[in-house]
Amino acid sequence: MNPFTELFHRIALLVFTPKCYQVFFYDLDFFNGTCIRAAVSKCLGFGIVGGSLLVKLPQVIKVWQSKSAVGISLVNVCMDLFAVTSNVVYSYSSQFPFSSWGDSLFILFQTLLIVILVFYYNISKRAASAFAFSYCSLLFLLISDIVPNSFLWNAQFISIPLMFYGKMTQGYVNFKNKSTGQLSMATSILLFLGSSVRVFTSVQETGDNLLIWSFALASIANFIIVTQFYCYKSGSPVKTKKKTKKNKRA
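Rules of the game
Residues numbered from 1 in each chain as written. Predicted model: local features only at pLDDT ≥ 70, side-chain atom pairs only at ≥ 80, totals over all residues. Heavy atoms only, no water. Helix = DSSP H or I, 4+ residues; strand = E, 2+ residues; numbered from the N terminus. Buried < 20%, exposed > 50% of the residue type's maximum accessible area, 1.4 Å probe, protein only. Contact = heavy atoms within 4.5 Å. Areas by Shrake-Rupley, 256 points an atom, 1.4 Å probe, with all protein chains shown as cover. 1 Å grid on protein atoms, 1.4 Å probe; cavity = no way out; pocket = protein on both sides within 12 Å on 5 of 7 lines; lining within 4 Å. Points joined across faces, edges and corners; volume = space filled by probe spheres on them. Nonpolar A, V, L, I, M, F, W, Y, C, P; charged D, E, K, R; others polar. Salt bridge = Lys/Arg side-chain N within 4 Å of Asp/Glu carboxyl O. Axes fitted to C-alpha atoms, helices over the stretch in contact; angles between N-to-C directions. Parallel < 35°, antiparallel > 145°, perpendicular 65-115°, else oblique. Left-handed = near helix turned anticlockwise from the far one by under 90°. Phe/Tyr/Trp six-rings, centres within 6.5 Å; stacked < 30°, edge-to-face > 60°. Lys NZ or Arg CZ within 6 Å of the ring centre and 35° of its normal.

Caption draft 1: A look at the overall build of the protein chain. Across its full length, the protein chain holds 10 helices and zero strands. The N-to-C order of helical and strand elements in the protein chain reads α-α-α-α-α-α-α-α-α-α. Counting the 250 residues in the protein chain, one finds 42% classified as buried. Here the contacts in the protein chain between residues at least 6 apart in sequence split such that 79% fall between residues at least 24 apart. Entry remark: accessible area of the protein chain is about 14700 Å², with carbon and sulfur atoms responsible for 69%.

Listed below in structure tokens is the structure:
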């Protein structure tokens, strides 16, 4: 096998299974439905993984530049972090293809940064530092062989309603304030698109009902938050009115 053919073979196997590689390039069956769906799923999976590098960056930048986390629900971001952590650890321990969960790994680090910023601006610097240290210690423990797979499955199962509750909490905060506050519209839309596509890729690549339901509910919740940007138009935080004392004439 010459170097060019070998390189093409290795690259093709990132998208096609060995069986589908045989079907496409030896049997020349370019209309095999099963292999087409598998290839599309792989391409979408890698596309989402690549896009996930920047998916929450607009949110991070918006909070950092404004030096404020007004309008961002701490419950929501913590539930998001719990859900994405459970997804990463469960997928890693189950040895699912990286293309089916790699985006969750990158989103995990971005979500962690957002949570730390919310702690920093809404509570205190000390609370942010304590949370970061505690979380990193827990994550290291979860990816070790000490924790049984049954525990990780239960954590993933529990994360589904908690994630949905967290996002609905954010939706309620938006509804109450009639504003999306410091939420980033770009991040919310990307999360909606990503979770929607993940429903398809999870069906194709893992067949795991737990992951499928997790992404399906995430898509519904993300869609609700996206629609609120259009309902309330302004994405600016709620401004509190300062009380002024009336000067009394002597």
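Caption draft 2: Representation of empty space enclosed by the protein in the model. One pass over the structure, following the stated rule, counts one cavity of 30 Å³ or more. Taken together, 16 residues form the lining of the largest cavity, with Q59, N76, D80, L183 and L191 sitting closest to its centre. Mapped by element, the contributors of at least two residues to the lining of the largest cavity are helix 5 (74-93), helix 6 (102-122), helix 8 (149-177), helix 9 (185-205) and helix 10 (209-232). Residue composition of the lining of the largest cavity, by class: six nonpolar, seven polar and three charged.

Caption draft 3: Just the layout of surface pockets, in detail. Approximately 500 Å³ is the volume attributed to the largest pocket. For the largest pocket, the lining is made up of 28 residues, of which D103, I107, L191, S195 and F215 are closest to its centre. Of all the secondary-structure elements, those providing two or more residues to the lining of the largest pocket are helix 3 (33-51), helix 5, helix 6, helix 8, helix 9 and helix 10. Among the elements that take part in the lining of the largest pocket, helix 9 stands out by supplying seven residues, more than any other. Tallied by class, residues from the lining of the largest pocket come to 12 nonpolar, 11 polar and five charged. Here the second largest pocket is characterised by a volume of approximately 250 Å³. F82, T85, S86, L138 and L142 are the residues nearest the centre of the second largest pocket, which is lined by 13 residues in total.

Caption draft 4: Broad picture of the pattern of salt bridges. According to the stated counting rule, one finds three salt bridges in the structure shown. We note a salt bridge from K167 to D80, for which the minimum N-O separation is 3.4 Å. Of this pair, K167 sits in helix 8 while D80 sits in helix 5, placing them 87 residues apart in sequence. As far as the burial class goes, K167 and D80 line up, both buried. Between R198 and D103 there is a salt bridge; the shortest N-O distance is 2.7 Å. Within this pair, whereas R198 is found in helix 9, its partner D103 is found in helix 6, the two being separated by 95 residues in sequence. Neither residue differs from the other here; R198 and D103 are each classed as buried.

Caption draft 5: Region of the structure containing the packing of helix 4 (residues 57-66) against helix 6. Contact geometry of helix 4 with helix 6 gives a least axis separation of 10 Å together with a crossing angle of 20°. Considering the angle they form, helix 4 stands roughly parallel to helix 6. In terms of crossing hand, the pair formed by helix 4 and helix 6 is left-handed. Every residue of helix 6 that contacts helix 4 at L57, Q59, V60, V63 and W64 is listed here: Q110, L113, I114, L117 and Y121. By residue class, the composition of the contact of helix 4 with helix 6 is eight nonpolar, two polar and no charged.

Caption draft 6: Spotlight on the packing of aromatic side chains. Inspection of every chain in the model, using the stated rule, returns eight aromatic pairs. Three or more aromatic residues joined by ring pairs form one cluster here, namely Y92, F98 and W101. In this arrangement the basic side chain of K67 is found over the ring face of W64, its NZ or CZ atom lying 4.0 Å from the centre. In this structure, K178 is placed above the aromatic ring of F175, and the distance from its NZ or CZ to the ring centre is 3.8 Å.

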